[in-house]
Amino acid sequence: MGDVLRWRVLPMLVLLASSLVLYVRILPKKSISECSLLPYDHYWITSKRIVTPQGVINGAVEVRDGKIVSVVESDYQKGSLLGGKVVDYGNAVIMPGLIDVHAHLDEPGRVEWEGFSSGTKAAAAGGVTTLVDMPLNSFPSTVSEETLRMKVEAAQKKIYVDVGFWGGLVPHNAFNTSMLEGLLHAGALGLKSFMCPSGINDFPMTNSTHIKEGLYVLAKFKRPLLVHAEVVLDSKNSEGLLDDDPSYRSYATYLKSRPPSWEEAAIKDLLAVAQDTKTGGQAEGAHVHIVHLSDAKASLDLIEDEKRNGPNGASISVETCPHYLAFAAEEIADGDTRFKCAPPIRDVTNRQNLWEALIDGHIDMLSSDHSPSIPELKLFDEGDFLRAWGGISSLQYVLPITWTYGQKYGVSFSQIATWWSERPAKLAGQKYKGAIILGNDADFAVWEPEVEFELDENYKTYHKHPNISPYIGRRLSGKVLATFVRGNLVFSERSHAPAACGSPILAK
Ligand SMILES: NC(=O)N[C@H]1NC(=O)NC1=O
Ligand SMILES: [Zn+2]
Ligand SMILES: [Zn+2]
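Since the model is a prediction, treat every value here as computed from it, not as a measurement. (Residues numbered from 1 in each chain as written. Chains lettered and ligands numbered in written order. Predicted model: local features only at pLDDT ≥ 70, side-chain atom pairs only at ≥ 80, totals over all residues. Heavy atoms only, no water.)

## Concerning the coordination of the zinc ion (ligand 2)
So the rule is basically this: Shown as donors are all N, O and S atoms within 2.8 Å of a metal ion, widened to 3.2 Å for Na, K and Ca; because water is not in the atom set, sites may appear incomplete. A run of H or I in DSSP becomes a helix once it reaches four residues, and a run of E becomes a strand once it reaches two; helices and strands are each numbered from the N terminus. Only protein chains enter the calculation, and the probe is 1.4 Å; a residue is then buried if its accessible area is under 20% of its type maximum, exposed if over 50%, and partly exposed in between.
Binding of the zinc ion (ligand 2) to the protein goes through His-228 (ND1) and His-292 (NE2), at separations of 2.1 Å. For the pair the zinc ion (ligand 2) and the zinc ion (ligand 3), the metal-to-metal distance amounts to 3.8 Å. Highlighted residues: His-228 in strand 11 (residues 224-228) and His-292 in the loop between strand 12 (287-290) and helix 10 (298-307), separated in sequence by 64 residues. The residues His-228 and His-292 share a single accessibility class, namely buried.

Okay, here's the thing in structure tokens:
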């Protein structure tokens, strides 16, 4: 390069580049005061109980431009760090924000059921900093590049936390590789399919052949397939066919209509297909994740057996949900369809076994399966368990529920962070989320484990239909004080930041 070029063009380029950086930074970014209830982009948060992968520390976390830039233990000098931009949370627990990999936000198309605004406000109020939205219950279902774009469009300026999206694996895209690739190229974090009817007309169920095809495509992208693992074994007992049975109000009738054998049979088939995900297999790189396990007997045994193969086995994981850990069939009153979900909530012994499996590491993580509907579909007047919408509304409460019902089992803060942040981050491919460590996004849930509260009409719930939740009327412990998403204080003391500055998360 000649001297003239070096001395004239280079400085011009530098100037141009820096003005571009300025342009990018200033123009599209909402001012921090709209996005955050804290007017700083560089600050420290401190507490006596910060949950890190190395244990619970008394210390401080430094945040700059939405990232964690340092984590220090005890000997910091409060208030003197960085000119006093210190938020001291005292004895409250600072945990990585919860990552809920299984939520149905229902927008576009069924915003009267939930929606990005109400759903993510509820998430923020509950310490959930990232949600991954399911491809069904919205309309249209997220099964193509185009329908994923509709999701992202619908989420614009409405989300208070970060939101990723699962795409749907359905019969009409399963054999259409370019359609599936289009969906994954467009940013779906992985795919989700059902092995039984989903309850949503434009989201039909898949069989093992569809699942196999899906796994081959997912392998190329190294992304997971999430599966609702129940198969209909005895159609005489299936929903709808018992319409004239007068015992439709009885929870026992519903429970019998979806026996554990449905989960067991599905998981057996699924694990057979999942063999392709082994090292050297045709779908190496793909991963199979079983959603909302309820049966803690034969189904769990199958999963444990497969996991015993370790790195030589299939790449699998499993989640369960707070409702299977909090409730038991024996306690569900006839006609109380708030408790209806699929697979169903089973008996007390099963609940105990689920807790033990979670604590022993056989169940990898927790998710809400927040699946609300309009109250009318819950058929409260009839109390008809067979025809009511199946789905539990719980998103805002999952942290206090896990803590409250986990106390009997001596659950620790670190375990909650593993089940609700670290492992879900890994499943969703989020390298910079899920733990309070240097370089990660500054996503935090700040909460007071010792504070108890009643979920009554005085408790502000942001779900679109608070009354359909089976947790209403319960006493819980563990109150969320504050929630940070990429450094923005998005919820604090019962209010949200003025603007919804969550980001859609698209896989690259
Ligand atoms: N469509 C839908 O959300 N279904 C969910 N509801 C439920 O209880 N189990 C599910 O899979
Ligand atoms: Zn499901
Ligand atoms: Zn679901």
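## Observations regarding the site of ligand 1
Formally: Definition of nearness: a residue and a molecule or strand are near each other if at least one heavy atom of the residue lies within 4 Å of the molecule or strand. Under this definition, polar contacts are N or O atom pairs within 3.5 Å; protein pairs additionally need one hydrogen-donor-capable and one acceptor-capable atom, and for neighbouring residues in sequence, both atoms have to be side-chain atoms. For every accessible area listed, the method is Shrake-Rupley and the probe measures 1.4 Å; residues are considered covered only by the protein chains on display.
If you check the shell around ligand 1, you find 14 residues, and the closest are Asn-137, His-228, Ala-342, Ser-371 and Gly-390. Between a nitrogen atom of ligand 1 and a main-chain N or O atom of Ser-198, the distance comes to 3.2 Å. Side-chain polar atom of Ser-371 to an oxygen atom of ligand 1: 2.8 Å apart, as the coordinates give it. Protein chains bury 97% of the 300 Å² of accessible surface belonging to ligand 1 in isolation.

## A look at the layout of surface pockets
The cut-off we apply is this: Put simply, the grid is 1 Å and covers the protein atoms alone, a cavity is a trapped set of points that fit a 1.4 Å probe, a pocket is an open set with protein on both sides within 12 Å along at least five of seven lines, and lining residues have an atom within 4 Å of a point. Grid points are joined across faces, edges and corners, and a volume is the space filled by probe spheres set on the points. Just so you know the grouping, Ala, Val, Leu, Ile, Met, Phe, Trp, Tyr, Cys and Pro go in nonpolar, Asp, Glu, Lys and Arg go in charged, and all remaining residues, Gly too, go in polar.
Of the voids in this model, the largest pocket is the one considered here, and its volume is about 1,000 Å³. When contributions to the lining of the largest pocket are tallied by element, the ones reaching two or more residues are strand 13 (316-320), helix 14 (413-427) and strand 19 (504-505). Per-element tally for the lining of the largest pocket: the top contributor is helix 14, with 4 residues. Looking at the lining of the largest pocket residue by residue, the classes come out as 13 nonpolar, 8 polar and 13 charged.

## Some remarks on the confidence of the model for the protein chain
Quick reminder of the rule: For every residue, the pLDDT score states the predictor's confidence, bounded by 0 at the bottom and 100 at the top. The contact criterion used throughout is that any non-hydrogen atoms of two residues lie within 4.5 Å.
The share of residues in the protein chain with pLDDT of 70 or more is 90%, and the mean pLDDT across the chain is 93. Confidence over residues 1-28 falls short of pLDDT 50; this stretch has 6 contacts with residues more than four positions distant or in other chains. Interface confidence in the predicted complex, given as ipTM, is 0.98; pTM for the same model is 0.93.

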